[in-house]
Each structure stands twice: as C-alpha cells, then as structure tokens.
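Next come the chains, spelled out residue by residue.
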Amino acid sequence: MNDLVKIGIAGLGTIGSGVIKNLLRNKKELEEKYQFEFEVSGISASKKDKKRSFDTSQFKWFDNPLDLAKDPNIDLIMELIGGDTGTAYDLALETIKNKKGLITANKALISSHGKELSELSDSNNSFIGYEAAVAGGIPVIKTLRGGLVLDKINGVYGILNGTSNFILSRMSEADKTFEEALIEAQNLGYAEADPSFDINGLDAAHKLSIINSLCFSEFPSLESISVKGIENILTLDHKYAHEFGYNIKLIASSSITDGSLRKEVAPTLVKVDSSLGSVSNVSNVVCINTEYNGTLVLEGEGAGEGPTSSSVLSDVVDYAMGIKHHLFNKKYINLSDPASHKNFIERCYYLRVFLVDQKGAMSNLTSILGKNGISIDQVIQRGGVHLKDEKNFTPVIMLTHPIDSESIDSAFSELINSDLISMDPIFLPVLKDNL
C-alpha cells in the first residue's frame, strides 16, 4: 500500500488533460475510498505554452519527459504521448529501468513492444497498467488479468474501434455513403484527419493482439492476425445484409478451432439482435467465451476523455493498493511467440458482385462458384438496381453454405479475370453464433 503516490504525467492532449482534471476532481473521494493520497509532481508535453483546459502553472514542468522517470521524487509515470516509437517508447523503458510504476493508454506501444516490456517488467518487478489501451472505459484488461485468470477462454469477439463502428452505423441507419459517414465522423471528432488505422483495421488489430496475449499466453503480434478494413463496404451492402437479418460490423476475433488459434479483424455479418449486431455509433463491445463462466459481454464507451481517463485512474488505484500482475498474466518465460495458422475453417459468407446485364451471365457466375465448391444458400438479384457509374451491371448478393476461404479466393480470382463483373467483388464472413 502506497500512502502517498507521486505522479509524473507525459502527454497533455485530450487524454492527459482529462486525467489531470479527473484526478483533481476526485482527489477527496480517492483518499476516502482507497486510503491513499496523491500529488502530481511533474508534467511534460511537446509545447509548454499551448493553451490547455487546465492551469499548467500549478505543476512542476519538465521540458524533457524522460527526466520524469529519472526524478527520485516521482513514483509513478503516466505515458500518454502515444505511438510505438520515439519518446513514448524511450519513456516506457526509462521508467521500468528506474523501477517506477508505469501507466499507459498506448495500445501501439504494448502491442509492438510487448515481448520486450514483459521481459523488462519481470526482471525489474515493475508495475505496468494499461487498462486504457483497449476499449476505453470498458474494464476488459482487468477482467482478463484478474476476474478470469483461472478460467479457460475459448474465444473472444469484439467491436474494438469506435470510429469504424460509427461509420458503419451511419451507413446502415442513415443511408450515408462511406465517404459521407467518414466526413461526419471527422466533423464530430470521432475520426482523425488521417483515419487510416481506424478504417483499415490496424487499430482494432493492435488491441486484439493485446487481448490475445492475456487470453492465450502469447506475445502480442500483428503479423499473426488476418486484417481487412471497411473501405470497400457500400451502402447497398448494409441494405441487403438487413434483408438477410444481419448488420455489418468490423469484428476483431480470436478463437480456438480444431486445436489452433484463428485471429482475424474483418467486416463481418452478425445477427441484428445479437450483442455485436446491436451496438451502434462509437460504442465498443467485447464478448468473451469461457469454459466455466459461459459468454461474458462487456459493453460501453470505447474512447474519449471521460472513459479513457477513468480507466487510467483505475490503474492508479491498483498501483496505490499494491496490486501487481505479470504484464500478460504469466511470466515472460511462460509466454510463447504467436503462430500464424492458415487453417481454412468452413463458414458461411456474404458475396456481392456486380454482374453484367447479358444473357447467360448468371449461369456463368454460378458455374464458376460451383466449380470451386461454393454452394449458394440465398440469393438476391434485382434488375434495375445500379450504381451511378455501373449502368450495365446489376448487384447480385448471395449467402453461401459453409465453405473455406481458400475456395472463395480461388473463385474470386477467376471472376476478377473474367468479363462477367465490374468492380472487385467482396466476400464477408458470417458469424452464425448469436454473440
């Protein structure tokens, strides 16, 4: 138990500023409820004179954030800078080597350098808290580090990126194009000027890699995760998915199938009334399928000043109370390098092609699919429905019976090289479980 926690904070953007305001606002309650006091003993950011939402003059300023970690009067460092290289990385290493506690909201740092940080934290017996790195204010990390530590986890499925979920929700619910929904997300502050990591699936993949480490005792790795983004989803895909009873969501999932771990981030059809299908706008949700506790569902705000700073404060409480875990639940020596499994599991798919309006086209399409072992369960083809620049092509929407992705790839390669279709077709996995 630490009766007085002296905190150094590096990074004073939205999250860093929110943490300071949250600390000051809840100072008395933290002291009364958890019997510890704290003080902010130093702050640092790239620009000292920048106007901020709190008075920086009440705190000691450090021009170099690394000096926070070297200061003997500081116990706990908050790295709220962001990024997996440069100052954020250097500060994390300096903090651990100086045997101080580290709290970070930096998923890229934990994902990219988890193996190194795990080894360092074990050798230095360090506290590292990163609740805010995954799913904002939802206590996913604490659940996996504590509540389920003795349970066996069979699979994890989640919506881990609020920006992509907002875009897909607006396309579905407000009939907006991808471009219109993205602009709206940027205007509301949900998407950055460069939203690449959100829409291409990499942000969700960083978070999934961390979850995988906690669930399956492996070092985090993006390379072992199959990643697809939402850039090619059209508004009409949402309409036809609804007709089949599904919503389209960017799902991050890891599950054990036939003894191997399959890891994926991809736009996926999920049942409209399921835990995953019913979450809209910027909310996140994580479904954890366990051996003994069934399926647990955690849902809430996945980003923003309030939820994220609340998660940071929960790590402060853990540090003050002396609660310490291995970085990924097990000692460094008991973790393994992740394997990338090319196990082509069979599942249903949503297929969409723009088929040329000519006699025999549908017959030729089904012939190609059949030759590759693809059997169609349901199909929608409506004449007169075209995209603006695709006047001679009609969308054909299909749901398949279970088939492996290798067969899908083979069929689509043949279709792309034919004169039957315009635009590249898309195929989206269908999650049959009502998660």
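Residues numbered from 1 in each chain as written. Predicted model: local features only at pLDDT ≥ 70, side-chain atom pairs only at ≥ 80, totals over all residues. Heavy atoms only, no water.

Draft legend 1. Just the side chain of Ser164, in detail. Along the chain, the position of Ser164 falls in helix H7 (residues 162–174). Excluding anything up to four places from it in sequence, Ser164 contacts Asp198, Ile230 and Leu250. (Helix = DSSP H or I, 4+ residues; strand = E, 2+ residues; numbered from the N terminus. Contact = heavy atoms within 4.5 Å.)

Draft legend 2. Main features of H7. The end-to-end C-alpha distance of H7 is 17 Å, a good match for the 18 Å that 13 residues give at a rise of 1.5 Å each. Burial in H7 covers these residues: Gly162, Thr163, Ser164, Asn165, Phe166, Ile167, Leu168, Ser169 and Met171. Contacts made by the buried residues of H7 are with strand E6 (153–159), helix H8 (178–187), helix H9 (196–199), helix H11 (235–243), strand E8 (246–257) and strand E10 (283–290). Where H7 begins, the side chain of Asn161 points an oxygen toward the backbone nitrogen of Thr163, at a separation of 3.2 Å. (Expected span 1.5 Å × (residues − 1). Buried < 20%, exposed > 50% of the residue type's maximum accessible area, 1.4 Å probe, protein only. Polar contact = N/O pair within 3.5 Å; in protein donor to acceptor, adjacent residues only side chain to side chain.)

Draft legend 3. How the structure looks around the sheet that holds strand E5 (residues 128–129). If you walk across this open sheet you meet the five strands as E2-E1-E3-E4-E5, and the pairing is parallel. Every interior strand has two partners, whereas the edge strands, strand E2 (37–44) and E5, have only one. (Pairing = 2+ DSSP bridges.)

Draft legend 4. Structural view of the pattern of salt bridges. Taken as a whole, this structure holds 16 salt bridges when the rule is applied. We note a salt bridge from Asp203 to Lys107, for which the minimum N-O separation is 2.9 Å. Within this pair, whereas Asp203 is found in helix H10 (residues 202–216), its partner Lys107 is found in helix H5 (residues 107–124), the two being separated by 96 residues in sequence. Residue Asp203 is classed as buried on the basis of its relative accessible area of 6%. (Salt bridge = Lys/Arg side-chain N within 4 Å of Asp/Glu carboxyl O.)

Draft legend 5. View of the pairing of strand E1 (residues 4–10). Counting buried positions along E1 yields five of seven residues, so the element is predominantly enclosed. Note: E1 against E2, seven bridges, orientation parallel. Note on E2: the bridge partner recorded for Leu4 is Glu37. As paired strands, E1 and strand E3 (residues 76–79) are joined by four bridges and run parallel to one another. Along E3, the bridge assignment pairs Ala10 with Glu79.

Draft legend 6. Representation of unusual backbone geometry in the model. The phi angle at Lys99 is positive, at roughly 60 degrees, despite the residue not being glycine. Residue Asn125 is not a glycine yet carries a positive backbone phi of 50 degrees. Within the secondary structure layout, Asn125 lies in the loop between H5 and E5. Residue class for Asn125 comes out exposed when judged on its relative accessible area of 54%.

Draft legend 7. Structural view of the environment of Glu173. Its place among the elements puts Glu173 in helix H7. When its relative accessible area of 52% is taken as the criterion, Glu173 is described as exposed. Counting along the chain gives 106 residues from Glu173 to Val279, while the straight-line C-alpha distance between them is 12 Å.

Draft legend 8. Quick look at the packing of aromatic side chains. Inspection of the entire model under this criterion finds seven aromatic pairs. Taking 5.4 Å as the distance between ring centres and 70 degrees as the angle between the ring planes, the aromatic pair formed by Phe127 and Tyr319 counts as edge-to-face. Here the residue Phe127 occupies a position in the loop between H5 and E5, and Tyr319 occupies one in helix H12 (residues 305–320), the gap between them amounting to 192 residues. Like Phe127, the residue Tyr319 is buried in the burial classification. Pairing Phe219 with Tyr332 gives two aromatic rings, centres 5.3 Å apart and planes at 45 degrees, and the pair type is tilted. Note that Phe219 is positioned in the loop between H10 and strand E7 (226–227) and Tyr332 in the loop between H12 and strand E12 (346–347), a separation of 113 residues in sequence. The exposure class of Phe219 is buried, given its relative accessible area of 4%. One aromatic cluster is present, formed by Tyr349, Phe412 and Phe427 through successive ring pairs. The residue whose ring lies beneath Lys27 is Phe38, and the NZ or CZ to ring-centre distance is 4.5 Å. (Phe/Tyr/Trp six-rings, centres within 6.5 Å; stacked < 30°, edge-to-face > 60°. Lys NZ or Arg CZ within 6 Å of the ring centre and 35° of its normal.)

Draft legend 9. How the structure looks around the packing of helix H4 (residues 86–97) against H5. Closest axis-to-axis distance for the H4/H5 pair is 10 Å, and the angle between their directions is 15 degrees. Between H4 and H5, the angle falls in the class roughly parallel. Like other packed secondary-structure pairs, H4 and H5 cross with a definite hand, here right-handed. Between H4 and H5, the contacting residues are Ala88, Tyr89, Ala92, Leu93, Ile96 and Lys97 on the first element and Leu109, His113, Glu116, Leu117, Leu120, Ser121 and Asn124 on the second. In the contact of H4 with H5, the residues fall into eight nonpolar, three polar and two charged. (Axes fitted to C-alpha atoms, helices over the stretch in contact; angles between N-to-C directions. Parallel < 35°, antiparallel > 145°, perpendicular 65-115°, else oblique. Left-handed = near helix turned anticlockwise from the far one by under 90°. Nonpolar A, V, L, I, M, F, W, Y, C, P; charged D, E, K, R; others polar.)

Draft legend 10. Representation of the state of the cysteines. Under the defined criterion, the tally for this structure stands at zero disulfides. Unpaired in terms of disulfides, Cys287 finds its nearest cysteine sulfur in Cys215, a separation of 13 Å. Cysteine Cys348 remains unbridged, with the sulfur of Cys287 as its closest cysteine sulfur at 19 Å. (Disulfide = S-S within 2.5 Å.)

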